[in-house]
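Here is how the chains run, residue by residue.
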There are 2 protein chains.
Amino acid sequence: MSPTLDKRDIDILFAIAEQQTPSTEAIHQSTGIPKSTVHYRLQSLKDDGVLTNDLYELDREKLGLEITVISEIRAEYGEGYHERIGKQLGEVEGINQVYFTMGDTDFIIIARLSSRDDVEELIGKFESIDGVERSSSKFAISTIKENVSVSNLQDYTKEKLLDAQDASDSDGTE
Amino acid sequence: MSPTLDKRDIDILFAIAEQQTPSTEAIHQSTGIPKSTVHYRLQSLKDDGVLTNDLYELDREKLGLEITVISEIRAEYGEGYHERIGKQLGEVEGINQVYFTMGDTDFIIIARLSSRDDVEELIGKFESIDGVERSSSKFAISTIKENVSVSNLQDYTKEKLLDAQDASDSDGTE
DNA sequence: TATGAAATCAGGGGGCT
DNA sequence: AGCCCCCTGATTTCATA
């Protein structure tokens, strides 16, 4: 089932990462691989599901999502519990990442929000999920490294994002 | 300084997220906003730094990076420490995200690796960074939700990724 | 599968509203 | 700012090895 990428595939993927663009032309220029071959390989990578979608990277501070919350969640144990709870966590507005872990916590989630009120709301939301026992949250003072693409927008409603814009307009960040 | 996105900008961004493509044409079709206006708005979003780069989303399991490690790191306190340590953490091979937090830990990092050996190596690496006191790591059994783009490749060497491919070839995943 | 050449189509710019 | 229209050039297809 493994796609088994060879050196050429990896070269192409790195070229995309380095030049920050998936353009056939750019890949061709930096790797020397003929344009149509690049095209051919890219097609295979997409078919194999290695590359999924082509989306822009997004600056979430600029979107007004300036607060990063990292929460550890402990949940009741039972048949199919993780799956259901994990799924529900993923649906909570603002949650960008959900990891199911082993050890003393069951889930670790990372959320991006625009206000203190949102944080309270977030915690309220996941504590109200059936099976969630308790949670412990931390703020990230700063995000030193993280890549996120536009698809994360689907974690929010348009309304929230518009509110977030208004908020950052009036808070002197102008 | 805030870019102040209006409803139209948000609509365009959501269109990209929903259709999983940043194509001017696709955005035009789904929003009804004229092509050249879409073009104009996209340009502004790029100029403002809201949209950074256009990169593919990547399936890291398929790349052979099947292990997710989440580590909490405690570091010595001092002038400019976080900045330096955070930067060094970001440079460790395999680390995809670095958050600087408040509370009982100083950094939370998330790494993607391909083998047990890599995990040991990873922990060795960040514990050897000057100023790092101790760390506690968890494995994610599964990643329920997460978006990542090709730029994450820069967290690895080509060699590692090729090795990862070999490993998944011979482990019966074929 | 890989490639060169040819055809197609989307992206980007000029200028008017 | 918004938008129509045209042109350029990148993407994709096709035929061949």
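Residues numbered from 1 in each chain as written. Chains lettered and ligands numbered in written order. Predicted model: local features only at pLDDT ≥ 70, side-chain atom pairs only at ≥ 80, totals over all residues. Heavy atoms only, no water.

(A) Looking closely at helix H3 (residues 35-47) of chain A. The end-to-end C-alpha separation of H3(A) is 18 Å, in line with the 18 Å expected for 13 residues at 1.5 Å each. Considered for burial, the residues of H3(A) that qualify are A:Val38, A:Arg41, A:Leu42 and A:Leu45. Angular distribution of buried residues about the axis of H3(A) spans 100°; they occupy a single face of the element. For H3(A), exposure combined with an orientation more than 90 degrees from the buried face picks out A:Ser36, A:Tyr40 and A:Asp47. In this fold, the buried residues of H3(A) make contact with helix H1 (7-19), helix H2 (24-31) and strand S1 (51-58) of chain A together with strand S1 (51-58) of chain B. (Helix = DSSP H or I, 4+ residues; strand = E, 2+ residues; numbered from the N terminus. Expected span 1.5 Å × (residues − 1). Buried < 20%, exposed > 50% of the residue type's maximum accessible area, 1.4 Å probe, protein only. Arc of directions from axis to C-beta. Contact = heavy atoms within 4.5 Å.)

(B) Summary view of the side chain of B:Glu146. Among the structural elements, B:Glu146 can be located in the loop between strand S5 (132-145) and helix H6 (158-170). In terms of polar contacts, B:Glu146 uses its side chain to reach the side chain of B:Arg112, at 3.1 Å. Apart from residues no more than four positions distant in its own chain, B:Glu146 is found in contact with A:Asn96, A:Gln97, A:Tyr99, B:Arg60, B:Gln97 and B:Arg112. (Polar contact = N/O pair within 3.5 Å; in protein donor to acceptor, adjacent residues only side chain to side chain.)

(C) Highlighting the packing of helix H1 (residues 7-19) of chain B against helix H2 (residues 24-31) of chain B. Residue and element names in this part refer to chain B. Contact geometry for H1 and H2: axes closest at 9 Å, N-to-C directions at 110°. As judged from the angle between their axes, H1 and H2 are roughly perpendicular. Here H1 contributes Asp11, Ile12, Ala15, Ile16 and Gln19 to the contact with H2, which in turn contributes Ala26, Ile27, Ser30 and Thr31. Looking at the contact of H1 with H2, its residues break down into five nonpolar, three polar and one charged. (Axes fitted to C-alpha atoms, helices over the stretch in contact; angles between N-to-C directions. Parallel < 35°, antiparallel > 145°, perpendicular 65-115°, else oblique. Nonpolar A, V, L, I, M, F, W, Y, C, P; charged D, E, K, R; others polar.)

(D) How the structure looks around the packing of H2(A) against H3(A). All names here are of chain A. Contact geometry for H2 and H3: axes closest at 9 Å, N-to-C directions at 115°. Remark: the crossing between H2 and H3 carries right-handed chirality. Across the interface between the two elements, Thr24, Glu25, Ile27 and His28 from H2 touch Lys35, Val38, His39 and Leu42 from H3. Within the contact of H2 with H3, the residues separate by chemical class into three nonpolar, three polar and two charged. (Left-handed = near helix turned anticlockwise from the far one by under 90°.)

(E) Summary view of the UniProt feature "domain: HTH iclR-type" (unreviewed entry) in chain A. When the UniProt feature table is mapped onto this chain, "domain: HTH iclR-type" (unreviewed entry) is found at residues 10-54 of chain A. Secondary structure content for residues 10-54 of chain A is 69% helix and 9% strand, while the C-alpha to C-alpha distance between its ends is 17 Å. (UniProt positions renumbered as here; feature names shortened; annotations may be inferred.)

(F) Broad picture of the pattern of salt bridges. All names here are of chain A. The tally for this structure, following the rule as stated, stands at 29 salt bridges over all chains. Across the pair aspartate 9 and arginine 41 runs a salt bridge whose closest N-O atoms are separated by 3.1 Å. Of this pair, aspartate 9 sits in helix H1 while arginine 41 sits in helix H3, and the two are 32 residues apart along the sequence. The class for aspartate 9 is buried, based on a relative accessible area of 8%. The salt bridge involving arginine 112 is made with glutamate 61; its shortest N-O contact spans 3.1 Å. Pair noted here: arginine 112 is in strand S4 (residues 107-113) and glutamate 61 is in the loop between S1 and strand S2 (67-75), with a separation of 51 residues, a long-range link. Assessed through its relative accessible area of 2%, arginine 112 is described here as buried. Salt bridges sharing partners connect three or more residues here, namely Arg60, Glu61, Arg112 and Glu146. (Salt bridge = Lys/Arg side-chain N within 4 Å of Asp/Glu carboxyl O.)

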